[in-house]
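Secondary and tertiary structure notes
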Protein chains: 2
Amino acid sequence: MTFSEENYLKTIYHITSSSGTEVSTNAIAEKMETKASSVTDMLKKLADKELIVYQKYKGVILTDKGSHLAKMIVRKHRLWEVFLVDKLHFPWDEVHDIAEQLEHIKSEKLINKLDDFLGNPTEDPHGDPIPDSSGLIKKSNKLLLSEVELNKEYRCIGVKDSSSDFLKYLDKQKISLGSTFVVKERENFDDTLLVEVNSRKVTISNKIANNLFVH
Amino acid sequence: MTFSEENYLKTIYHITSSSGTEVSTNAIAEKMETKASSVTDMLKKLADKELIVYQKYKGVILTDKGSHLAKMIVRKHRLWEVFLVDKLHFPWDEVHDIAEQLEHIKSEKLINKLDDFLGNPTEDPHGDPIPDSSGLIKKSNKLLLSEVELNKEYRCIGVKDSSSDFLKYLDKQKISLGSTFVVKERENFDDTLLVEVNSRKVTISNKIANNLFVH
DNA sequence: AATTATTTTTAGACAAATCTAAAAATATAT
DNA sequence: ATATATTTTTAGATTTGTCTAAAAATAATT
Ligand SMILES: [Mn+2]
Ligand SMILES: [Mn+2]
Ligand SMILES: [Mn+2]
Ligand SMILES: [Mn+2]
């Protein structure tokens, strides 16, 4: 598999797991910042290799084979992210781009040894689950901070958006995975929250609250 | 730079540092297992980028810029090899192929952090020197076991050939970097050596002795 | 139901990296 | 010095992944 094929597969996997249904040509093109015509070309190739089921104009879904391969790429991506943060002490907002490269390194033995070296982590630095070597994903029942009850204690377990901008904002507000949240007030007009973060009062907009997973 | 450009640059660097003079098209083609015509095409590209000095039919040499870039690729290759052996406990004969992939990962910050994480090693698992971040290489005065005096003690500090076959042979004979050698006898007919390896008597052919660096 | 808008696919072009076959330059041998 | 052999370069083709522009299919509106 080429880097390009792997990137398409991973993108289709990510869109599927949030939408659930068939993935459209345009949705792929948008996420990959490429043209729809390029996507169509690649879909034919992936269909030939039986990694996706593709019917003209109908969108695509991954086959079992394609889904497994996609999960293996995600596994590599997230394990490398753990390595970069835990071992090399990269800040969590700088690891994604490097992991985009490392996820294409081909060696099953390497990734399994890396997994052991890291202590078989189940989550990456952004709280996303790491598939195990057979593709199994431990899913946690997570809530968005925006949907949470007042005056109950929650722990931050992940971020929905892991853009550098958002992660740097969280650093500035001293919010990280493991922080405790108690929502004290919800402003009716714009759903802004008044939250105690590790007992420190912080005002959090609805947009921010919509991108923080808690438990 | 593309992977292909990096591989050509590295190959030219390696041939230069053993031969010293201009590198011929055919020498590159042979080492890269490709055709001379493909090499010519790439040489034009590298010359356009001022990474090599190229005159038709005259062979090539690296510019300062090209030489520095080549050393940075070698640096990455060897640091990753150290990581694989020291941290992930790969056997030393399995790391080269994986490092061939990892050497193309682009991030200066990554490689410098990796360097620190590994304790700034000066040599890779095969005894080859690791250029520092400015391209400086600490060179050691090493001898081949085949050229050594009788009844003097030497230490194994590197291998010239690092093919899997040779490294596995050394594992079988329990020879590794740091082993002590005392050559007791040299057979005149074929230069076979009788060597005490860590006080254990071993017969070593001339071909083997020609691929072991000692000090 | 017919028209308009959007999405998707096709057709054809292009850059990168490779190849084969042929031509040109250089090196070797008689 | 001439002929022969080797090395290197060019010419032209191929594969992969991309693009633009146009055509075809599907979806949304009137
Ligand atoms: Mn990521
Ligand atoms: Mn992540
Ligand atoms: Mn190597
Ligand atoms: Mn090495």
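Residues numbered from 1 in each chain as written. Chains lettered and ligands numbered in written order. Predicted model: local features only at pLDDT ≥ 70, side-chain atom pairs only at ≥ 80, totals over all residues. Heavy atoms only, no water.

**As for the overall build of chain A**
Short version of the rule: Counting from the N terminus, the helices are the DSSP runs of H or I reaching at least four residues and the strands are the DSSP runs of E reaching at least two. Here, two residues are considered to be in contact whenever any of their heavy atoms come within 4.5 Å of each other. Only the protein chains shown count as cover for residues, and the accessible areas themselves come from Shrake-Rupley with a 1.4 Å probe.
Helix and strand content of chain A: eight helices and eight strands. Reported as C-alpha extents along the three principal axes, the dimensions of chain A are approximately 55 × 40 × 25 Å. Counting only contacts in chain A whose residues sit at least 6 apart along the sequence, the fraction spanning at least 24 positions is 62%. For chain A, the exposed surface amounts to about 11500 Å²; the carbon and sulfur share of it is 48%.

**Considering the protein's contact with DNA strand C**
Filter applied, for reference: Each residue is tested against the molecule or strand, and it is near if at least one of its non-hydrogen atoms lies within 4 Å. Polar contact is defined as a pair of N or O atoms within 3.5 Å, subject to the rule that within protein one atom must be able to donate a hydrogen and the other to accept it, and that residues adjacent in sequence are counted only when both atoms are side-chain atoms. Each residue gets one of three labels, nonpolar for Ala, Val, Leu, Ile, Met, Phe, Trp, Tyr, Cys and Pro, charged for Asp, Glu, Lys and Arg, and polar for the others, Gly among them.
Not every one of the 20 residues close to DNA strand C is listed here, only the nearest: Tyr54(A), Lys56(A), Thr34(B), Ser38(B) and Lys45(B). Residue Thr40(A) places a side-chain N or O atom 2.9 Å away from a phosphate oxygen belonging to DNA strand C. Within the side chain of Lys56(A), one N or O atom sits 2.7 Å away from a phosphate oxygen of DNA strand C. Counting residues per element, the ones that place at least two in the surface near DNA strand C are α2 (25-32) and α3 (36-48) of chain A together with α1 (3-19) and α3 (36-48) of chain B. When the residues that make up the surface near DNA strand C are grouped by side-chain class, the tally is five nonpolar, ten polar and five charged.

**Here we look at the pattern of salt bridges**
A side chain with one charge can pair with a side chain of the opposite charge if their charged atoms come near. Heads up, the condition is: When a carboxyl oxygen of Asp or Glu is within 4 Å of a side-chain nitrogen of Lys or Arg, the pair counts as a salt bridge. Using a 1.4 Å probe on the protein chains alone, a residue whose accessible area is under 20% of its type maximum counts as buried, one over 50% counts as exposed, and one in between counts as partly exposed.
The tally for this structure, following the rule as stated, stands at 20 salt bridges over all chains. For the salt bridge of Glu103(B) with Lys10(B), the shortest nitrogen-to-oxygen distance reads 2.7 Å. Taken together, the positions of Glu103(B) in the loop between α5 (95-102) and α6 (108-117) and Lys10(B) in helix α1 put the pair 93 residues apart, joining distant regions of the chain. With respect to burial, Glu103(B) and Lys10(B) carry one shared label: buried. Linking Glu196(B) and Lys201(B) is a salt bridge whose minimum nitrogen-to-oxygen distance equals 3.4 Å. Looking at Glu196(B), the relative accessible area reads 21%, which means it is partly exposed. Via salt bridges that share partners, Lys10(A), Glu100(A) and Glu103(A) belong to a single interconnected network.

**A closer look at the coordination of the manganese ion (ligand 1)**
Residue and element names in this part refer to chain A. Under the convention used in this document: Distances decide who is a donor: an N, O or S atom must be within 2.8 Å of the metal, or within 3.2 Å for Na, K and Ca. Water is not included, so sites may look incomplete.
Coordination sphere of the manganese ion (ligand 1), protein contribution only: His77 (NE2), Glu81 (OE) and His96 (ND1), at 2.0 to 2.2 Å. Taken as a pair, the manganese ion (ligand 1) and the manganese ion (ligand 2) lie 3.4 Å from each other and share Glu81 as a ligand. With His77 in helix α4 (residues 64-87) and His96 in helix α5 (residues 95-102), this residue pair connects regions lying 19 residues apart in the sequence. By relative accessible area, which is 7% here, His77 ends up buried.

**Overview of the coordination of the manganese ion (ligand 4)**
Distances from the manganese ion (ligand 4) to its protein donors, Glu81(B) (OE), Asp124(B) (OD) and His126(B) (ND1), fall within 2.1 to 2.3 Å. In this structure, the manganese ion (ligand 4) lies 3.4 Å away from the manganese ion (ligand 3), the two metals sharing Glu81(B) as a donor.

**Remarks on the packing of helix α4 (residues 64-87) of chain B against α6(B)**
Residue and element names in this part refer to chain B. This is how the line gets drawn: Fitted lines through C-alpha atoms serve as axes, helices being fitted only where they are in contact, and the angles separating the N-to-C directions of these axes extend from 0 to 180 degrees. Here is the rule for angles: anything less than 35 degrees is roughly parallel, anything more than 145 is roughly antiparallel, 65 through 115 is roughly perpendicular, and the remaining ranges are oblique. By convention the crossing between two helices is left-handed if the near helix lies anticlockwise of the far one by an angle smaller than a right angle, and right-handed if it lies clockwise.
In the contact formed by α4 and α6, the axes pass within 10 Å of each other and the chain directions differ by 40 degrees. When the interaxial angle is binned, α4 and α6 end up oblique. When the axes of α4 and α6 are compared, the crossing they make is left-handed. Counted together, Arg75, Lys76, Leu79, Trp80, Phe83 and Lys87 of α4 and Leu110, Ile111, Asn112, Leu114, Asp115 and Phe117 of α6 form the full contact between these two elements. Looking at the contact of α4 with α6 residue by residue, the class counts come to seven nonpolar, one polar and four charged.

**Digging into the domain arrangement of chain A**
The following threshold applies: Where each domain begins and ends is defined by an automated method or by a domain database.
The domain architecture assigned to chain A consists of domain 1 (3-62) and domain 2 (143-214). On a C-alpha basis, the centres of domain 1 of chain A and domain 2 of chain A stand 34 Å from each other.

**Concerning the protein's contact with DNA strand D**
Around DNA strand D, 20 residues are found, and the nearest of them are Thr34(A), Ser38(A), Lys45(A), Tyr54(B) and Lys56(B). In this structure, Lys56(B) approaches DNA strand D through a side-chain N or O atom, which is 2.6 Å from a phosphate oxygen. Across the surface near DNA strand D, the residue classes tally to five nonpolar, ten polar and five charged.

**Re the relation of the copies chain A and chain B**
Defined as follows: The superposition of copies rests on a least-squares fit of C-alpha positions from residues with pLDDT of 70 or more in both.
The transform that puts chain A on chain B rotates by 180 degrees and translates by 0.0 Å along the axis, for an RMSD of 0.1 Å. Taken together, the rotation angle and the small translation identify this as a two-fold axis. By C-alpha distance to the rotation axis, the residue of chain A lying nearest is Leu102(A), at 3.8 Å.

**Details of unusual backbone geometry**
Residue and element names in this part refer to chain A. Even without being a glycine, Asp191 presents a positive backbone phi close to 60 degrees. Looking at the secondary structure, you find Asp191 in the loop between β5 (180-186) and β6 (193-197). You can call Asp191 partly exposed: its relative accessible area is 33%.

**Quick word on the sheet that holds strand β8 (residues 212-214) of chain A**
Residues and elements named next belong to chain A. Our working rule: A pair of strands is labelled paired if DSSP reports no fewer than 2 bridges between them.
Across the sheet, six strands lie side by side as β3-β8-β4-β5-β6-β7; this open sheet has antiparallel pairing. Pairing within the sheet leaves two strands with one partner each, and these edge strands are β3 (143-144) and β7 (200-204). Note: strand β4 (residues 153-159) against β8, three bridges, orientation antiparallel. When the bridges of β8 are listed, Val159 appears paired with Leu212. Where helix α7 (residues 164-172) meets the sheet, it contacts β4, β7 and β8, and its direction lies at approximately 145 degrees from that of β4.

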